[in-house]
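Single-letter residue listing:
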Amino acid sequence: MLKIAVLVSGGGTNLQAVIDAIADGTIANAKIEAVISNNKNAYALKRAENHGIKNICISPKDFESREAFNREFLLKLNSYQVDLVVLAGFLVVIPPEMIAAYKNRIINIHPSLIPSFCGTGFYGLKVHEGALARGVKLTGATVHFVDEGTDTGPILLQKAVAVKEGDTPEILQRRVMEEAEWKILPEAIHLIANGRIAVEDGKAVVR
Ligand code: GRF
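Below is a summary of the structure that appears in this document. It should be emphasised that the depicted structure is a prediction, and the values quoted were computed from it without experimental measurement. (Residues numbered from 1 in each chain as written. Predicted model: local features only at pLDDT ≥ 70, side-chain atom pairs only at ≥ 80, totals over all residues. Heavy atoms only, no water.)

Turning our eyes to something else, we now look at the packing of helix 1 (residues 13-23) against helix 6 (residues 169-193). Where helix 1 contacts helix 6, the two axes come as close as 9 Å, and the packing angle between them is 50 degrees. In terms of axis orientation, helix 1 runs oblique to helix 6. Classified by chirality, the crossing of helix 6 by helix 1 is right-handed. Here Thr13, Asn14, Ala17, Val18 and Ala21 of helix 1 come into contact with helix 6, specifically with Met177, Glu181, Trp182, Leu185, Pro186 and Ile189. Classifying every residue of the contact of helix 1 with helix 6 gives 8 nonpolar, 2 polar and 1 charged. (Axes fitted to C-alpha atoms, helices over the stretch in contact; angles between N-to-C directions. Helix = DSSP H or I, 4+ residues; strand = E, 2+ residues; numbered from the N terminus. Parallel < 35°, antiparallel > 145°, perpendicular 65-115°, else oblique. Left-handed = near helix turned anticlockwise from the far one by under 90°. Contact = heavy atoms within 4.5 Å. Nonpolar A, V, L, I, M, F, W, Y, C, P; charged D, E, K, R; others polar.)

Encoded structure:
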């Protein structure tokens, strides 16, 4: 049974997709051990609560220094003894010590087809604003492993979504979530939980 921690900052619709996929068997052999947020008001925490999942808040704002936060954050995460960390709309930079300790065991969902509209500054609606400003006809979502860079780790799964005339960043964001994010994040977790993913030469391979 793969034990998972899900890290969230906001509404938690991706967290909900994972909870639902575990409940209906789309994800087999996995269990959410804890939900961790940097934001005590995140609705994602409520979703965890509603499903009887352990949930905590740890915020950089409550620490004297980033180093102190990073240390405590890693200790907290370690205390849950998870096999996989899922970043589902988590807006805090993952400390380098955590990336090293959880190599190829942290995944992130990004709302574009990486390497488009990713990297520093591309988060939330800004990703979709970028796609609309460039006039791309296809966008989508990507699940990737997290390495030291921003959105640079091995790509696990991607799914394309059409951009339509009249789209606003909000409309496009919603379509990308519904058609791509809520599908490929659970799918990626299922593949990992069932030993179907290997990382070879810096690339994720599905078996
Ligand atoms: C999603 O668009 C995800 O791709 C991005 O942050 C957003 C989180 O939304 N990384 P939610 O909290 O899962 O609803």
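Turning our eyes to something else, we now look at the site of the ligand. Gly11, Gly12, Thr13, Asn14, Gly89, Ile109, Pro111, Met177 and Glu181 make up every residue found near the ligand. The backbone of Gly11 places a nitrogen or oxygen atom 3.4 Å from an oxygen atom of the ligand. At 2.8 Å, a backbone N or O of Asn14 approaches an oxygen atom of the ligand. When the ligand is considered free in solution it has 370 Å² of accessible area, and contact with the protein chains removes 85% of it. At the level of secondary structure, the elements contributing two or more residues to the shell around the ligand comprise helix 1 and helix 6. Per-class residue counts for the shell around the ligand are 3 nonpolar, 5 polar and 1 charged. (Near = heavy atom within 4 Å. Polar contact = N/O pair within 3.5 Å; in protein donor to acceptor, adjacent residues only side chain to side chain. Areas by Shrake-Rupley, 256 points an atom, 1.4 Å probe, with all protein chains shown as cover.)

Let us now look at the packing of helix 1 against helix 2 (residues 43-50). In contact at an axis separation of 9 Å, helix 1 and helix 2 are set at 20 degrees when each is read in the N-to-C sense. The pairing of helix 1 with helix 2 is recorded here as roughly parallel in orientation. The crossing of helix 1 and helix 2 is right-handed. Facing Thr13, Leu15, Gln16 and Ile19 of helix 1, the residues of helix 2 in contact are Ala44, Arg47 and Ala48. A per-class count over the contact of helix 1 with helix 2 returns 4 nonpolar, 2 polar and 1 charged.

Bringing the sheet that holds strand 7 (residues 155-162) into the picture now. What the 7 strands build is an open sheet, ordered 3-2-1-4-5-6-7; its pairing is mixed. Two strands bound the open sheet, and with one partner strand each, they are strand 3 (55-57) and strand 7. Taken over all neighbouring pairs, the strand axes of this sheet differ in orientation by 20 degrees on average, direction set aside. Inspection of the sheet shows strand 5 (residues 106-110) paired to strand 6 (residues 138-145) by 4 bridges, in the antiparallel sense. Directly across from Asn108, in strand 6, lies its bridge partner His144. Against the sheet, helix 6 contacts strand 1 (2-8), strand 2 (30-37), strand 4 (84-87), strand 5, strand 6 and strand 7, and its axis sits at roughly 155 degrees relative to strand 7. (Pairing = 2+ DSSP bridges.)

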